[in-house]
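Structural overview for review
As a plain string of letters, each chain reads:
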Amino acid sequence: MANSIGIDQVSRRFGEVVAVDNLQLEIKAGEFFTLLGSSGSGKSTLLKMIAGFDQPTNGCILFDGADVTRMPANRRPCNTVFQDLALFPHMSVAQNVGYGLRVRRLAKSVQIEKVRDALQLVDLDGYQDRDIMALSGGQRQRVALARSLVMEPGILLLDEPLTGLDERLRQQMRDEFGRLHKKTAATFVLVTHNQDEAMSLSDRMAIMHHGRLVQVGTPDEILHRPTNEFVARFVGLESIVVPDRVEKRGAGLEVIINGRRTEIPGFHGEVLPEKIAIRSDRMTLEAGEHGIPATLVEQHFRGRYYECTLAMRDDTRLTAEISVDAMPEGMDTGKTTSLGLQAGALVPVMT
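This section reports on the structure supplied with the text. None of the values given here were measured: they were computed from a predicted structure.

1. Here we look at helix α1 (residues 43–51)
Burial of α1 is extensive: seven of the nine residues sit out of reach of the surface. With its phi angle positive at about 95 degrees, Gly 52 sits one or two positions after the end of α1.

Following this line, the structure appears as structure tokens:
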């Protein structure tokens, strides 16, 4: 059964260093929740306190409303998949997966059945007798998942488990986490610095910075309504401009950028944004003068698209991802072009 997690005014200090600063957070039972932040933001420290490997300097950790702050890690209804996996190299796959069951002294027949079920869950049925060191990186990841899932935890904690895998394996294991979450219905908490992982897996996510929560919301909310410029840049909205003018127009905004007028629908805030982010995947390069005038500074071929750096008249730099098929012929560095904006290209950035 999935457990909810409450973080009630939790801080963690190491001498004068404040790793986690007075956090208040509720994670729903059965939710896939991601803690997203750069190195040193406090996300792994928070995960260790949830797991019971570390204790808060002050505040409480709650599972289903019950205070577990002083409860030992081995008594908590959660398991952790670590970045280094922590598999035993001298044990077989089955021995690794069943280690926790042996510690609990379950009957041998029950252990065998549960290990088999856990390996089937991660598509490793028949690998029971394999040597751990003979497995691929992705297969070892699956063993680590099976070892955690075999204990039937209400909470599964994932501490940057995809670090070190190549891109193909990262995508494969990312899909695996999503599938297992739906199948087990447990509460998943993922720690990562990779925004693609957070955006593709999370029901909700929290952006952490200097031990604090900067924004909590769904991936869609954070991508389209970032709280501030830090959040916008962290989720990949690097092209940020100061518009000539911003005005409220009905249920949206009218924005003038480099003398060109455009609209942002569905803006319901009372305070007008001072800056606007432009999504790199929603820009086009066009002939004529209907778009925003800009100069092509650099272009790099990225396989399926060209990554183009554009300079506006105030020398603000934008990055556009232009598909290979949509790249205008004869578009050379130093050439003036017209920047077009597709639907959803503009994102208000609050300060």
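From this point, things continue past the structure.
2. What about the sheet that holds strand β15 (residues 275–278)?
In spatial order, the strands read β11-β15-β21; together these three strands make up an open sheet with antiparallel pairing. Single-partner strands in this sheet number two, and they are β11 (240–241) and β21 (346–349). Direction of pairing for β15 relative to β21: antiparallel, over a ladder of four bridges. Bridged to Ala 277 within β21 is Val 347.

3. Examining the pattern of salt bridges
On inspection of all chains with the given rule, the structure shows 20 salt bridges. Lys 43 is paired through a salt bridge with Glu 160; the nearest N and O atoms lie 3.9 Å apart. With a gap of 117 residues between them, Lys 43 in helix α1 and Glu 160 in the loop between β7 (155–159) and α6 (167–184) connect regions that are remote in the sequence. Measuring nitrogen to oxygen at the nearest pair gives 2.7 Å for the salt bridge that ties Glu 247 to Arg 249. Of the residues examined, Arg 249 reaches a relative accessible area of 43% and is grouped as partly exposed. Overlapping salt bridges, with partners in common, bring together Arg 245, Glu 247, Arg 249, Glu 254 and Arg 261 in one network.

4. Concerning the nonpolar core
Counting 34 residues, the largest nonpolar core has Val 97, Val 143, Leu 145 and Leu 158 as the members making the most contacts within it. Going through the elements one at a time, α2 (93–97), α4 (108–121), α5 (137–149), β7, α6 and β8 (187–192) are the ones with two or more residues in this core. Take this core: its biggest share by element is five residues, from α5. With near-sequence residues (within four places) excluded, Leu 145 lies in contact with Val 81, Val 122, Leu 156, Leu 158, Met 173, Glu 176, Phe 177 and Leu 180.

5. Topic: the packing of aromatic side chains
Inspection of every chain in the model, using the stated rule, returns five aromatic pairs. Ring centres of Phe 301 and Tyr 306 lie 5.4 Å apart, and the angle between their planes is 55 degrees; on these two criteria the pair is classed as tilted. A residue is classified by how much of its surface remains accessible, and Tyr 306, at 22% relative accessible area, is partly exposed. The ring of Tyr 127 carries the charged tip of Arg 130 above its face, separated from the ring centre by 4.3 Å.

6. Some words on α4
The terminal C-alpha atoms of α4, which comprises 14 residues, lie 20 Å apart, in line with the 20 Å expected from a rise of 1.5 Å per residue. Considered for burial, the residues of α4 that qualify are Gln 111, Val 115, Ala 118, Leu 119 and Leu 121. Viewed along the axis of α4, the buried residues span an arc of 150 degrees, placing them on a single side of the element. Of the surrounding elements, those touching the buried residues of α4 are α2, α3 (99–103), α5 and α6.

Rules used in this analysis
- Residues numbered from 1 in each chain as written.
- Predicted model: local features only at pLDDT ≥ 70, side-chain atom pairs only at ≥ 80, totals over all residues.
- Heavy atoms only, no water.
- Buried < 20%, exposed > 50% of the residue type's maximum accessible area, 1.4 Å probe, protein only.
- Helix = DSSP H or I, 4+ residues; strand = E, 2+ residues; numbered from the N terminus.
- Pairing = 2+ DSSP bridges.
- Salt bridge = Lys/Arg side-chain N within 4 Å of Asp/Glu carboxyl O.
- Core = buried A, V, L, I, M, F, W, Y, C linked by side-chain atoms within 4.5 Å.
- Contact = heavy atoms within 4.5 Å.
- Phe/Tyr/Trp six-rings, centres within 6.5 Å; stacked < 30°, edge-to-face > 60°.
- Lys NZ or Arg CZ within 6 Å of the ring centre and 35° of its normal.
- Expected span 1.5 Å × (residues − 1).
- Arc of directions from axis to C-beta.

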